[in-house]
Amino acid sequence: MDQITFHHDTVLSDVHMLLPNACHLMTYLNRVGQPVFISKFKILSGAERLDNSEPNEDRGQDTNATQGEVKKEVGAVNVDTLLDEDGDLDVTHRPRTMSTEGSGRALVCPIILQQSSPELEEEDNTDDEADKCFKDIIKIEHTMATPLEDVGKQVWRGALLLADFILSEQLMFRGATVLELGAGTGLTSIIMATIAKMVYCTDVGEDLLSMCRRNVALNRHMMEPGGSEVRVKQLDWLRHDFCTDADMEFSWKEEEIADIYDNTSFIIAADVCYDDDLTDGFFRTLYQLCSNFTHTCTIFISIEKRMNFTLRHMDVSCDAYDHFCHCLSQLQELVDGRCSFQVEQLPSNFEQFLLYERIEQLELWKLTATPTSF
Ligand SMILES: C[S@@+](CC[C@H](N)C(=O)[O-])C[C@H]1O[C@@H](n2cnc3c(N)ncnc32)[C@H](O)[C@@H]1O
């Protein structure tokens, strides 16, 4: 197996395409036959970090050289020279090049290596032990190129943006109780747990939640020194309550629900608004939680504006982002006598602790939910 097969409903996160270790070692096939990989994310130290504080017009373009080049080429060409004698467009294709020099992109298509030899397994275990000594390496088990209903098994750029924000605002989160919605592989919750006291890391689906729980276990050494804890739980935005059925894995205990209502000071969510019905469910869940809090809660949401050309608009647009903005304004305008929401977009110019493309379409939003009688 050295190629991913793409079907019409397959999605592949850029994070996996651009990881520096472009050869991905498959570790096993999961219950539904998807190849599972382990990737390492290094938390950059002081001198290694990327400083995004200076306004940089090239941001999102210099690392995204392919797009930038196309724009320049179109701008430089005299359109008349591209028409044939009948007036049809005569398009000269750019020569295909494998060179990625200066683009920052390692390889466009991940190469998959299947783990089969005992030597490799041994090497990998040695690696495991070595990594435990490093407090700056996060190991994440994930799949690649999933159907849309399994997107949580991949790591998305929004998770890395939110993780960067958490690492750059450590004082704010120290010792806090935090709830993550739609946590996927759990990467952002794990980063949060290096600072906060208790993190409830939630999503849906036993398969995904099991993977997430394994990731928490893989990175336990990062949380132990601070005595913090990550609890992986099911929280489905399309249901109206916490699942407390003791026979179900990832269900809630009454005291955990009480802890959520009494102590959650932050709710975080990365890249969870990509389908309008799910976005509605997500905002309903946010409202239900916050309107039952007796304290102020701050919510951080990262989103990637994915632009598409649609025949309906005859232009590039991002319906999912427009719907997200619509839900934000509805929350802000809400007058229900229980709680009020303030909404603001935060600048995304904080330091970069993790390696990924901080493209300009990545946004971070802050919502402040305050009980009306506060
Ligand atoms: C694009 S992924 C983002 C995952 C992770 N936050 C990240 O950025 O890598 C969207 C996440 O929303 C979760 N999700 C979708 N529907 C949900 C629902 N009804 N309730 C809770 N989570 C849901 C998915 O399982 C998935 O983990």
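Whatever comes next refers back to the structure up there.
As the structure is a computational prediction, the values presented were derived from the model and not from experiment.

Student: Where do I start with unusual backbone geometry in this structure?
Tutor: Most peptide bonds are trans, and most residues other than glycine sit at a negative phi. Despite not being glycine, A145 shows a phi value in the positive range, around 50°. Judged by its relative accessible area of 15%, A145 is buried. Of note, the phi angle at D271 is positive, near 50°, even though the residue is not glycine. With respect to the secondary-structure elements, D271 resides in the loop between β10 (264-270) and α10 (276-290).

Student: Looking at this model, I keep getting lost on the sheet that holds strand β7 (residues 177-181). Mind explaining?
Tutor: Strand-to-strand pairing in sheets goes through backbone hydrogen bonds, with the strands running parallel or antiparallel. Across the sheet, which stays open at both edges, the seven strands sit in the order β9-β8-β7-β10-β11-β15-β14 with mixed pairing between neighbours. Strands at the two margins of the open sheet, each flanked by one partner only, are β9 (229-234) and β14 (339-346). Sheet twist, expressed as the mean angle between neighbouring strand axes with direction ignored, is 20°. Sheet topology note: the strand β11 (residues 297-304)/strand β15 (residues 362-371) ladder contains eight bridges and is antiparallel. Of the residues in β15, the one forming a bridge with S302 is L364. Across the sheet, helix α11 (residues 319-333) touches β11, β14 and β15, and the angle it forms with β15 is around 20°.

Student: I tried to follow the packing of aromatic side chains on my own but got confused; where do I start?
Tutor: Here a ring pair, both rings aromatic, is described through the centre-centre distance and the interplanar angle of the planes. Tallied over the full model, the rule gives 15 aromatic pairs. Taken together, a centroid distance of 5.4 Å and an interplanar angle of 65° make the contact between F165 and F350 edge-to-face. On the criterion of sequence distance, the pair formed by F165 in helix α4 (residues 157-168) and F350 in the loop between β14 and β15 is long-range, its members being 185 residues apart. Here the two residues F165 and F350 agree in accessibility, since each one is buried.

Student: I keep staring at the pairing of strand β8 (residues 198-203) and nothing clicks. Help me out?
Tutor: Consecutive side chains along a regular strand alternate between the two faces of the sheet. Burial within β8 is extensive, with six of its six residues counted as buried. Side-chain alternation along β8 places M198, Y200 and T202 on one buried face and V199, C201 and D203 on a second face that is also buried. The pairing of β7 with β8 spans four bridges and is parallel. In the strand pairing of β8, V178 is matched with V199.

Calculation rules
Residues numbered from 1 in each chain as written. Predicted model: local features only at pLDDT ≥ 70, side-chain atom pairs only at ≥ 80, totals over all residues. Heavy atoms only, no water. Buried < 20%, exposed > 50% of the residue type's maximum accessible area, 1.4 Å probe, protein only. Helix = DSSP H or I, 4+ residues; strand = E, 2+ residues; numbered from the N terminus. Pairing = 2+ DSSP bridges. Axes fitted to C-alpha atoms, helices over the stretch in contact; angles between N-to-C directions. Contact = heavy atoms within 4.5 Å. Phe/Tyr/Trp six-rings, centres within 6.5 Å; stacked < 30°, edge-to-face > 60°.

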